[in-house]
Structures are given as structure tokens and as C-alpha cells.
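Below are the chains, spelled out letter by letter.
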Amino acid sequence: MPTVEIRDVRKRYDGGFEALKGVSLDIEEGEILALLGPNGAGKTTLISAICGITRITDGSIRVGGHDVVTEFRAARSLVGLVPQEMNLEPFQTVIAGVRFSRGLFGKRPDEALIERILRRLSLWDKRNAKVMELSGGMKRRVLIAKALAHEPRVLFLDEPTAGVDVELRRDMWDTVAELKRDGVTIILTTHYIEEAEAIADRVGVINKGEILLVEDKASLMTRMGQKELTIELTDPVDSVPPALSDYDLRLSEDGGSLTYRYDTGADRTGIGRLMGLLAEAGCQVRDVHTAQNSLEDIFVGLVARQEEETAA
Amino acid sequence: MNLPAIWAIYKFEMARFFRSILQSFVSPVISTSLYFVVFGAAIGSRIDQVEGVSYGAFIVPGLIMLSVMTQAISNASFGIYFPKFIGTIYELLSAPVNFLEIVLGFVGAAATKALFIGVVILGTAAFFVDLQIMHPVAMVIFLLLTCMSFSLLGFIIGIWARNFEQLQLVPLLVVTPLVFLGGSFYSISMLPPAWQTVAYFNPVVYLVSGFRWSFFGLADVPIAVSLLAIAGFTAICLAAVWWIFKTGWRIRT
Ligand SMILES: Nc1ncnc2c1ncn2[C@@H]1O[C@H](COP(=O)(O)OP(=O)(O)OP(=O)(O)O)[C@@H](O)[C@H]1O
Ligand SMILES: [Mg+2]
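Because the structure is predicted, anything quoted here is derived from the model rather than measured.

A. Just the pattern of salt bridges, in detail. Residue and element names in this part refer to chain A. Overall, the coordinates contain 19 salt bridges over all chains when judged by the stated rule. Between Arg99 and Glu111 there is a salt bridge whose closest N-O contact spans 2.9 Å. Here Arg99, found in helix H3 (residues 94-104), pairs with Glu111, found in helix H4 (residues 111-120); they are 12 residues apart in sequence, far enough to count as distant. Of the residues examined, Arg99 reaches a relative accessible area of 38% and is grouped as partly exposed. Here Asp246 ties to Arg273 by a salt bridge, and the two come within 3.0 Å at their closest N and O atoms. Placement of the pair is Asp246 in the loop between strand E11 (226-233) and strand E12 (249-251) and Arg273 in helix H9 (residues 271-280), with a sequence separation of 27 residues. Looking at Asp246, the relative accessible area reads 53%, which means it is exposed. For Arg273, a relative accessible area of 49% gives the class partly exposed. Among the ionic contacts, a cluster of salt bridges with common partners joins Glu5, Arg7 and Asp26.

B. Structural detail: the environment of Asp48(B). Residues and elements named next belong to chain B. Checked against the element boundaries, Asp48 lands in the loop between helix H2 (21-47) and strand E1 (49-50). Judged by its relative accessible area of 53%, Asp48 falls in the exposed class. As for Asp48 and Val38, which are separated by 10 residues in sequence, their C-alpha atoms are 14 Å apart. Contact partners of Asp48, with chain neighbours within four places excluded, come to Val53, Ser54 and Tyr55.

Procedures and definitions
Residues numbered from 1 in each chain as written. Chains lettered and ligands numbered in written order. Predicted model: local features only at pLDDT ≥ 70, side-chain atom pairs only at ≥ 80, totals over all residues. Heavy atoms only, no water. Salt bridge = Lys/Arg side-chain N within 4 Å of Asp/Glu carboxyl O. Helix = DSSP H or I, 4+ residues; strand = E, 2+ residues; numbered from the N terminus. Buried < 20%, exposed > 50% of the residue type's maximum accessible area, 1.4 Å probe, protein only. Contact = heavy atoms within 4.5 Å.

Rendered as C-alpha cells:
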């Protein structure tokens, strides 16, 4: 059973705007899912719907098998949320805020746990400081500490690294990795493709309230590891020369260029032999160039294709 | 029942109160003293007695009620409005708590603060006038019920309000007039007959009357009617809060 089950979820805001247009998604126990999408894609709306902050118009969401509306107590007990906005009580001390969050989720006080969390997030020295006396990066860590204080099994991080420096971003990634080791399921949203590459097990792409792709990072990486070699010929040919038949080559329509797809990770790319065979077949090469797929290309391509479809 | 959550909310709200404990203590003392100087001395010297009670003592229950009601409303409305305003309400909405637990935390704290103010005023008043409380148990019950029901009303106002102006509007435009016209400083029987009829539509009349009865055994309306009125008022407020959380009105997008 998936830890989070999202089925045909629609969300229409009061103004009539449809922010989620039938989203279905399964999130497996213990995985890290990165949700990528441009501004206004619906990432925060989706997270808010799972956590109970937003009411969904249609569809259903289950966390740990519990419906988030009818069995909200059981569902929400499992979930921790680090919101995108820095929503914190300014006059409260760090440690009081963390204790509050733990209590709110029905957990008995556990000072040892709270100390561990604050130390892990380098907030222990600031535990008695008021929130308003902290820097932006520290406030973000307070939000994380509050979410961890009630030992969630599923943790939502809504743009945890927006506006934090490089060092803190690395720290954050380490924290996420540690939580994963503890068996916590983690869903994070981000605009940074490197972030998804660095820590996610799976990557989802969302735009305009629709999920465009959810794929294992590994298989995405293989796709990304592929390069295309384009060979431009001096004289166009009618067909791929028979000598090159064991290569899977694509001939352009005008017969002026051949394209060869290969894996950069493979032991042999076969490029040297291909060039030799071409010369033997009497084809003169005018120019060559290569292109590589990146997650960014895939992402931009997907979003662009969706724009075209909606325009058509 | 998520008891740790109720306790966490209650403690959080009370922390705000303790941050300004001196202010919470001094201001009712000063305002009560002023009331006695103005009403008790200046007017009281002309009125002398109302239904056999010295005017100074007669106004004590109304004075306590006035402060308790306004304090309960302003504390509870601010308590829930502020998290909405700064966005920290996300945590309440995503926590495994139901409406009753949230209400118990917020309203419990607001009622405690109002009760504290009520007791401070009672203590201050005892310096100025000779007070005897005829039905102490009834007095405590009326005081508690008023603290709770007006905190509930304040809680609803805090959820309803979209800005600070609205937050202050209801207490100013609705509650203060109702309290002043509710017989806090006079007996309803002192009004012309037409106004007496109007007064019976004012819920505050029943509270002040019942509360005053617990001091002096004097009431404008039968004590059972007073109790019924306050119970009905509390029930209406509770139903409204239940509906708010069920529909997410003005709290869940
Ligand atoms: N309370 C609201 N009322 C009406 N429309 C809303 C509301 N909240 C969000 N929206 C709209 O819903 C869409 C999705 O917003 P959402 O915040 O989910 O995007 P996002 O993917 O989180 O974007 P970002 O990367 O900027 O955080 C946007 O077009 C936004 O304007
Ligand atoms: Mg967002």
C-alpha cells in the first residue's frame, strides 16, 4: 500500500480558479519524491490538500490508508509540514515553539528528542532566542524543527531551500538523507533541478495543476545520460549505407545527416568504429556535433509540450 | 480527545497574558477605581440607594460584567485572529485536532484571563464599598458561564474578521452598547415602560440581572430565565463554531 494515495484530486478555489485538475499520484513508503514545477503550478495547493489546510473539490487522498477528510486525526498524526512561507509566531522562543508543535500533535513532552532535533538543525544555541531575533535561514530551520517535533512518518517540505545559502542547502540535504534513513517518507517541492537530482528517488513534474511525469530518478538519469551524435555529410545519401546496418542510425529527410544515439556511461561508445565504417563506405563527413539530454531539457520540453497542447 | 493539544494551545495563549501580567492587573484596578470615583461618589451621592442597596455596591456586579464581557471578547478574538493574520494557523489546521479541542484551548485561555480580571475588579471594589455576596456559588457559576460564553463569541468574531478594523468593530458597535444598555449601572425597572420592553431583547440584561441576584438577591428577571438565557447563548455560539470548522468558513481555503 502506498503511504500517500492521491486519486483524481481537483481543487477549485473560491474565485473559480482550478488549481488542481485531476491529480493522481502514489507515494511509496520511505522514498524521497521531488515535485518540480514552475510558479503557480499547484505544488503548494497539492501539499495543502494532503495536510488538511485546503479542502479538495473532488477526488480523495489517503495517508497511511486513512482518508484525510473522514479520518483526519489518524491521517494528520502521520504528517509533518514545513510550509513555504515563514509562518512563525515572532514573540515565541525557539524551544517553546517546538514544544508547542509536539503538544499540538498529541505527543507527550520529550525533552531529549527536542534537544536532538535542535542540535541536528544547529538551533540548540538559539533555543531561548525569540523567533523574531533569528535570520531567515534559522527561521526556516525552526519550521523544520517544529515539523519534526511530533515524529512524522511523512514529511512535506515546501521549497525548503528557497533563499538559503549553499552551505545550509547541503546541510538540509544531509538532514533529508538522515530522515530517509530513519524511514521517513519525504516529499519536497523545488524549482532547482540539481536539488531533485541530488536527493530524490523519484521526480514528479507538475504544471498548471496537472502531473506531467513521475519517474524514477535512475531511469531519468539514463535518459539524461544519452547523447546524440549528428553527422553531417558533404553529399546527401538516399539510405543508410548497408555497411552501417548494425548501428541504429536515423537518416534526416534530406539525406544530409545521420543521427546516432549512444550511452555515455557504456564501456564503448562505438563512435571510432562508426567513423571508420563511414569513411570505408565513401561518405565524406562535413561536420559533427553532439547534444545531451538533461533533466532540465526534459522538464522544459514537457512544459512546452503542455503549453502547445493547451494552445491547440 | 487530544489533551496535549488543548494544553499546548492553552499554555501558548496564557504565555501572551503572562508577558503583560502587570498591565493586565493594573488597568482593571485603575479603571474600577475611576468608576467608583465618578459613579459611586458623584452620582451615588444623589441616588443614594437602589432597591435597598447602596448605589456604590449596586453597580459592582454590572462593573464586573462589563469588564469580563469586553475582555473575554477581545482576548478570544485576538487569540484566533492573530494566527490567521501571520499565517501560523497552518499548524492548527494540519494538526490532528478537532474543533472542540481548538475551542477548549483558545476559549479556555480567554475565559481564564477574563475571570482573572473579574476577580481583580471584585477585589478592588471591596476597598470602596461594603460588599456581601448572598449566593456565592451562583455568583461563581454566573461569572464562569459569562467568561466562557463571551469568549466563544469573541472566538467567532476573530474567525469572521478579515482585518483589524473588523476585529474592533463588533465589540465597539454591538457589545459595548448592549452592555451599557443592559442594566449594568441601573435597574431595568428604572426605565420607562416602553424601554423596559426593549431591554428584554438584550441578552446582557439576563446576565447582569442573574449576577446581581447572586450578590443582593435582587433581580430584574427570574433567576431561572437568566440561567436559561445564558445556556441558550452558549449553545448558539457552540453551534456556530462547530459549523465554522465543519465548513472551513474563513479558515480553510
Ligand atoms: N487561496 C487561493 N485563492 C485563489 N487562488 C489561489 C489560492 N492559492 C493559490 N491560488 C492559485 O492556485 C495556483 C497554484 O498555486 P500554488 O501556490 O499551489 O502554486 P505553487 O506551485 O506552489 O507555486 P510556487 O512555486 O510559486 O510556490 C496559482 O495560480 C495561484 O494563484
Ligand atoms: Mg508554492
